[in-house]
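Per-entry structural report
So you can see what is in the structure, the chains are spelled out below.
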Amino acid sequence: MKRKVQDLAPAINYTPNPLAMGLLRQETRMIGVIVPDLITQCNLSPKDASDAARKLLRLKNRPDAIFGINDKVIFAAMREITKGGPFEPANSE
């Protein structure tokens, strides 16, 4: 299987992602920052995921990205994002 992938890569102009390769080699120089105000938890139901996404979208300083633990959660968040808005800040969170 590995050989098939290696043979196919040039045909589709595949180039490895430098970030992924650094992670694979454990040589990344990335720094992550966790901002507690932007962590929103839910019980993994679509309704709770939608509520959590809506809460994030109403923040005064909205996040640039939303991470979901599984497809069900992220698809519910995506539905909220694509609904549009306006998502007026609920408060100064």
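For clarity, every value in this text was computed on a predicted model and none was experimentally measured.

1. With respect to the overall build of the chain
- From N to C terminus, the chain includes four helices and zero strands.
- Listing the helices and strands of the chain from first to last along the sequence gives α-α-α-α.
- Taken across its 93 residues, the chain has 16% of its residues classed as buried.
- If you take every contact in the chain between residues at least 6 apart in sequence, the share linking residues at least 24 apart comes to 53%.

2. Some thoughts on the layout of surface pockets
- Looking at the largest pocket, its volume works out to about 560 Å³.
- Leu38, Thr40, Leu56, Ile66 and Phe67 are, among the 22 residues lining the largest pocket, the residues nearest its centre.
- The dominant element in the lining of the largest pocket, judged by the number of residues it contributes, is helix α3 (residues 46-57), at four residues.
- Tallied by class, residues from the lining of the largest pocket come to 18 nonpolar, three polar and one charged.

3. A closer look at a nonpolar patch on the surface
- On the surface, a nonpolar cluster with roughly 330 Å² of combined accessible area is contributed by Leu8, Ile12 and Tyr14.
- Within the secondary structure, Ile12 is located in the loop between α1 (2-11) and α2 (18-25).

4. Examining unusual backbone geometry
- Phi angles above zero are rare outside glycine, and Asn13 is one such case at about 60°.
- With respect to the element layout, Asn13 can be found in the loop between α1 and α2.
- According to the relative accessible area criterion, Asn13 is exposed, its value standing at 67%.

5. Quick notes on the pattern of salt bridges
- Scanning the entire structure with this criterion turns up five salt bridges.
- Here Arg54 and Glu80 are joined by a salt bridge, their closest N and O atoms 3.2 Å apart. Of this pair, Arg54 sits in helix α3 while Glu80 sits in helix α4 (residues 71-82), placing them 26 residues apart in sequence.
- Residue Glu80 is classed as buried on the basis of its relative accessible area, which comes to 5%.

What counts, and at which threshold
- Residues numbered from 1 in each chain as written.
- Predicted model: local features only at pLDDT ≥ 70, side-chain atom pairs only at ≥ 80, totals over all residues.
- Heavy atoms only, no water.
- Helix = DSSP H or I, 4+ residues; strand = E, 2+ residues; numbered from the N terminus.
- Buried < 20%, exposed > 50% of the residue type's maximum accessible area, 1.4 Å probe, protein only.
- Contact = heavy atoms within 4.5 Å.
- 1 Å grid on protein atoms, 1.4 Å probe; cavity = no way out; pocket = protein on both sides within 12 Å on 5 of 7 lines; lining within 4 Å.
- Points joined across faces, edges and corners; volume = space filled by probe spheres on them.
- Nonpolar A, V, L, I, M, F, W, Y, C, P; charged D, E, K, R; others polar.
- Patch = residues over 30% accessible without salt bridge, like charges linked within 9 Å, V, L, I, M, F, W, Y side chains within 5 Å.
- Areas by Shrake-Rupley, 256 points an atom, 1.4 Å probe, with all protein chains shown as cover.
- Salt bridge = Lys/Arg side-chain N within 4 Å of Asp/Glu carboxyl O.

Function cannot be read off these values alone, since they describe shape.
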